[in-house]
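# Structural overview
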Amino acid sequence: QFREVLRAQRLSVLDDLGLEKALQQLAHRSTTKLDLPCALRLDLPPRELDPELELIVYRCVQEGITNAAKHARATRLQVEVIVSEGELVATVTDDGVGLGATGGQGFGLLGVRERVVAARGAFEVGAHPGGGTRLGIRLPLPLPRGEPS
């Protein structure tokens with residue numbers, strides 16, 4: 001059931017461009033349209049990733065950028081999506097004022113958390129040691145098959 005909902009929400013940008021180019025597009029839009037410079041580091045496998053995993057990663061990065069622009073008064077972002085030790089790790093770090101009144105519990109972040117947990121991954125959001133906020137997820141590769149428990 002959860003996977004069916006994810007499939008229905010799959011973005012055409014992921015189908016059209018793939019994860020790497022879609023993330024590059026997000027970073028470019030952050031820099032040009034939001035005036036929020038976004039440094040992007042990608043180290044993805046050459047093979048195609050599970051479409052559900054791609055959607056989770058895309059939504060996480062999108063939410064991190066949105067929160068930095070709308071709430072954190074950030075002046076720059078660092079986005080990193082890499083594969084490390086059998087996991088896909090995505091982080092969005094900003095230099096803004098922190099989590100603010102929501103404490104990281106806004107609807108967008110809750111949606112990301114639910115997707116990550118359903119995929120048997122790990123989710124964290126909190127203050128970055130250098131100031132600002134760090135949103136991070138870890139997802140197992142390959143994404144486990146079958147319904148999440």
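The rules behind these values
Residues numbered from 1 in each chain as written. Predicted model: local features only at pLDDT ≥ 70, side-chain atom pairs only at ≥ 80, totals over all residues. Heavy atoms only, no water. Helix = DSSP H or I, 4+ residues; strand = E, 2+ residues; numbered from the N terminus. Expected span 1.5 Å × (residues − 1). Buried < 20%, exposed > 50% of the residue type's maximum accessible area, 1.4 Å probe, protein only. Arc of directions from axis to C-beta. Pairing = 2+ DSSP bridges. Right-handed = clockwise from strand over helix to strand, strands pointing away. Polar contact = N/O pair within 3.5 Å; in protein donor to acceptor, adjacent residues only side chain to side chain. Contact = heavy atoms within 4.5 Å. Core = buried A, V, L, I, M, F, W, Y, C linked by side-chain atoms within 4.5 Å.

Owing to its 3.6 residues per turn, the α-helix aligns residues three or four sequence positions apart on the same side. The terminal C-alpha atoms of helix H3 (residues 19–32), which comprises 14 residues, lie 20 Å apart, in line with the 20 Å expected from a rise of 1.5 Å per residue. Buried residues of H3: Leu-19, Ala-22, Leu-23, Leu-26, Ala-27 and Ser-30, and no others. Each buried residue of H3 lies within a common arc of 140° when the element is viewed along its axis, so the set occupies one face. Turned more than 90 degrees from where H3 packs its buried face, Lys-21 and His-28 sit exposed.

Along the chain, the position of Gly-136 falls in strand S5 (residues 133–140). Overall, Gly-136 belongs to the buried group, its relative accessible area being 5%. Remark: the alpha-carbon pair of Gly-136 and Val-92, spanning 44 residues in sequence, is separated by 6.5 Å.

Right, let's talk about the pairing of strand S2 (residues 77–84) for a bit. By the bridge criterion, 6 bridges tie strand S1 (residues 38–43) to S2 in an arrangement that is parallel. Bridge assignment links Leu-40 to a residue of S2, and that residue is Val-79. For the segment spanning S1, helix H4 (residues 51–70) and S2, crossover handedness is left-handed. Here 8 bridges tie S2 to strand S3 (residues 87–94), and the two strands are oriented antiparallel to one another. Within the sheet, the bridge partner assigned to Leu-77 lies in S3 and is Asp-94. Taken together, S2 and the strand that follows it, S3, pair antiparallel across an intervening segment of 2 residues, in which Glu-85 is found at a positive phi of about 50°.

In this section: H4. Between its first and last C-alpha, H4 extends 28 Å over 20 residues, near the 28 Å set by a 1.5 Å rise per residue. Here H4 lies mainly inside the structure; 14 of its 20 residues are buried. The backbone nitrogen of Glu-52 has a side-chain oxygen 2.8 Å away, supplied by the residue at the start of H4, namely Asp-50.

Checked against the element boundaries, Val-61 lands in helix H4. Judged by its relative accessible area of 2%, Val-61 is buried. In sequence terms Val-61 and Thr-93 are 32 residues apart; their C-alpha atoms lie 9.9 Å from each other. For Val-61, the residues in contact, after removing those within four places along its chain, are Leu-23, Leu-26, Val-79, Val-81 and Val-92.

Its place among the elements puts Thr-93 in strand S3. Residue class for Thr-93 comes out buried when judged on its relative accessible area of 14%. Apart from residues no more than four positions distant in its own chain, Thr-93 is found in contact with Arg-76, Leu-77, Gln-78, His-128, Thr-133 and Arg-134.

Time to look at the nonpolar core. Membership of the largest hydrophobic core comes to 38 residues, with the highest contact counts inside it found for Val-57, Tyr-58, Val-81 and Ile-137. Mapped onto this core, the elements with two or more residues apiece are helix H2 (12–17), H3, H4, S2, S3, helix H5 (107–118) and S5. The residues touching Val-57, leaving out its near neighbours within four places in the chain, are Leu-19, Leu-23, Val-81, Leu-88, Ala-90, Ile-137 and Leu-139.

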